[in-house]
Amino acid sequence: MTTRAPYLNSRLQGYTTTIFAEMSALAVATKSINLGQGFPDTDGPAEIRQWAVDALLAGHNQYPPGKGIPELRNAVADHQRHFYGLEYDPEDEVLVTAGATEAVAATLLALCEVGDDVVMFEPFYDSYAACTAMAGANRRVVPLRRPGWSFDPADLEAAITPRTRLVMVNTPHNPTGKVFTREELELIARTCIEHDLLAVTDEVYEHLVYEGEHVPLASIPGMRERTVTISSAGKTFSFTGWKIGWACAPAPLIAAVRTVKQFLTYVSGTPFQYAVASALDAGERYVSNVADSLRSRRDLLCEGLGAIGFDAIRPSGAYFVTTDVRPLGYEDGVDFCMMLPERCGVVAIPSSVFYDDPEAGRPLVRWTFCKRREVLEEALGRLQVLAR
Ligand code: PMP
Ligand code: GLN
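Residues numbered from 1 in each chain as written. Chains lettered and ligands numbered in written order. Predicted model: local features only at pLDDT ≥ 70, side-chain atom pairs only at ≥ 80, totals over all residues. Heavy atoms only, no water.

Colleague: Could you clarify how one ought to interpret the overall build of the protein chain in this entry?
Modeller: From N to C terminus, the protein chain includes 14 helices and 13 strands. A compact globule built from 388 residues should have a C-alpha radius of gyration of about 21 Å, and the protein chain, at 20 Å, falls within 12% of that. Seen through its C-alpha atoms, the protein chain measures out along the principal axes to roughly 60 × 55 × 45 Å. Expressed as a percentage of the 388 residues in the protein chain, the buried residues total 56%. Considering only contacts within the protein chain whose residues lie at least 6 apart along the sequence, 74% involve residues at least 24 apart. Summed over all atoms, the accessible surface of the protein chain reaches about 15,600 Å², with 52% contributed by carbon and sulfur. Side chains of the protein chain give 36 positive and 49 negative charges; the mean places of these two sets differ by 4 Å. (Helix = DSSP H or I, 4+ residues; strand = E, 2+ residues; numbered from the N terminus. Rg over C-alpha atoms; globule rule 2.2 N^0.38 Å. Buried < 20%, exposed > 50% of the residue type's maximum accessible area, 1.4 Å probe, protein only. Contact = heavy atoms within 4.5 Å. Areas by Shrake-Rupley, 256 points an atom, 1.4 Å probe, with all protein chains shown as cover. Lys, Arg positive; Asp, Glu negative; His and termini not counted. Charge placed at Lys NZ, Arg CZ, Asp CG, Glu CD.)

As structure tokens, then:
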């Protein structure tokens, strides 16, 4: 799905398009139901939206401070303490970013030397690979194996080299919906400590957990001092277009990340920073609703896809379901997803884009359930023609 771009530097060949934008464009062009890109089809709470309007009308429309408005940095620090017992100084241990996307990019660009290795779990979210490449670093992957998406500790050990700089962990995990267990995180922590590695965690789905509990890697003893914890407001409050994210880490790590961030966007989204600060300040009020409202839609989509004949793996977190398309007679998820809009008027994501291993991801397809119930029901109705 990627093309060669003549002017693009060699590190970034192969990253010319993001699959999510490409498939959303296909959904629009074919008037299909979009179960591809993960964004809700209803806005988050009206009060939070109103807070953004209020901030805009109150004149919060110029550059905010480089590290983010104090209200939001305080709110992020309070959130980490309230939910996880983690202490961060809002002055120099919290950085506001343009979504988690910028936090990931700035962190990898800041921490890696050219030629370093970055360890990540496969399947991996697309930006980790692209940003590792931008940094001139190399990725080393540890496979997550179906059906439980567990990993073999020997694979993690084998991925570590003398050039390993950091381990990237995404929990809850996109695309699988895996929520890493405390035991798994303790094992990753032991590996980081033993090899003196940094860790970068992407926790944007921290409040979208249906089974188990979200454990930040930084809360495991010995990890706070070596971990950059990244999250964002997009998933928690259902405002993915606002692009307010943050990173929490000890001051020297945040100073490094901020050095890059200030030359990527410098700052962004002043009125949205105010609205997100107020949303976080409301504590559990908004964050507990989001998983409750998604759980039944997860069940609807998993059961519906299962009834059609897909081998669907029920996720513990995030808002994606992965299916194997082979029980329906298909071999390749890319071919399947290219056929789907015309045949059924539905768009999904071929999971091979999250894999280096061409075989492991080939039969897998990712579907999102962060859509209204009636939209999921309509999509499942349309998919009935595939039932054998
Ligand atoms: N990390 C993961 C795992 C994601 O799924 C996404 C997609 N939203 C992001 C990061 C990007 O988050 P943001 O929209 O806050 O940049
Ligand atoms: N995180 C969203 C997904 O996985 C997409 C965000 C994006 O388009 N970069 O579907």
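Colleague: When you look at the nonpolar core in this model, what are you seeing that I'm missing?
Modeller: A general trend in soluble globular proteins is that nonpolar side chains are found buried together. Ranked by internal contacts, the top residues of the largest apolar core, which has 98 residues, are Phe 121, Ile 188 and Trp 367. No other element matches the 8 residues that helix α11 (residues 284–308) contributes to this core. Contact partners of Phe 121, with chain neighbours within four places excluded, come to Val 142, Leu 144, Phe 151, Leu 156, Val 167, Met 168, Val 169, His 173, Phe 180 and Ile 188. If you look at the next biggest cluster of nonpolar residues, it comprises 29 residues, including Ala 52, Cys 248, Ala 275 and Ala 279. (Core = buried A, V, L, I, M, F, W, Y, C linked by side-chain atoms within 4.5 Å.)

Colleague: Which parts of the structure should I look at to understand the sheet that holds strand β3 (residues 117–122)?
Modeller: Working definition: the strands of a sheet are paired by backbone hydrogen bonds and lie parallel or antiparallel to each other. Pairing is mixed in the open sheet, where 7 strands are placed in the order β2-β8-β7-β6-β5-β3-β4. Both outer strands of the open sheet, β2 (94–98) and β4 (138–143), are each paired with one neighbouring strand and no more. In this sheet, adjacent strand axes meet at a mean angle of 25° when their direction is disregarded. The sheet strands contacting helix α10 (residues 270–281) are β2 and β8 (244–248), and the helix crosses β8 at an angle near 65°. (Pairing = 2+ DSSP bridges. Axes fitted to C-alpha atoms, helices over the stretch in contact; angles between N-to-C directions.)

Colleague: How do you make sense of helix α1 (residues 19–29) when you look at a structure like this?
Modeller: An α-helix turns once every 3.6 residues. As a result, residues three or four positions apart point the same way. Of the residues making up α1, those classed as buried are Ile 19, Phe 20, Met 23, Ser 24 and Ala 27. Buried residues of α1 fall within an arc of 130° about the axis and therefore sit on the same side. Turned more than 90 degrees away from the buried face of α1, the exposed residues are Val 28 and Ala 29. Where α1 is buried, its residues touch β1 (33–34), α5 (126–134), α12 (333–344), β11 (346–347), β12 (349–350) and β13 (364–368). Following α1 by one or two positions, Lys 31 has its phi on the positive side, about 55°. (Arc of directions from axis to C-beta.)

Colleague: Before we go on, may I ask you to explain unusual backbone geometry in this structure?
Modeller: Most peptide bonds take the trans configuration, and most residues that are not glycine carry a negative phi. The linkage connecting Glu 122 with the following residue, Pro 123, adopts the cis geometry, with an omega of 10°. Mapped onto the secondary structure, Pro 123 falls in the loop between β3 and α5. Across the junction of Arg 146 and Pro 147, the peptide omega takes the value 0°, indicating a cis bond. In this structure, Trp 149 takes a positive phi of about 55° despite not being glycine. For Trp 149, the position within the fold is in the loop between β4 and α6 (153–159).

Colleague: What am I meant to see in the site of ligand 1 here?
Modeller: For ligand 1, the set of nearby residues contains 13 residues, the closest of which are Thr 101, Asp 202, Tyr 205, Lys 235 and Lys 243. For ligand 1, an oxygen atom lies 2.9 Å from a polar atom in the backbone of Ala 100. Here an oxygen atom of ligand 1 sits 2.5 Å away from a polar atom, N or O, in the side chain of Thr 101. Its free accessible area being 390 Å², ligand 1 has 92% of it covered by the protein chains. By residue number, the principal contributor to the shell around ligand 1 is helix α4 (residues 99–111), which donates 3 residues. The class makeup of the residues in the shell around ligand 1 is 5 nonpolar, 5 polar and 3 charged. (Near = heavy atom within 4 Å. Polar contact = N/O pair within 3.5 Å; in protein donor to acceptor, adjacent residues only side chain to side chain. Nonpolar A, V, L, I, M, F, W, Y, C, P; charged D, E, K, R; others polar.)

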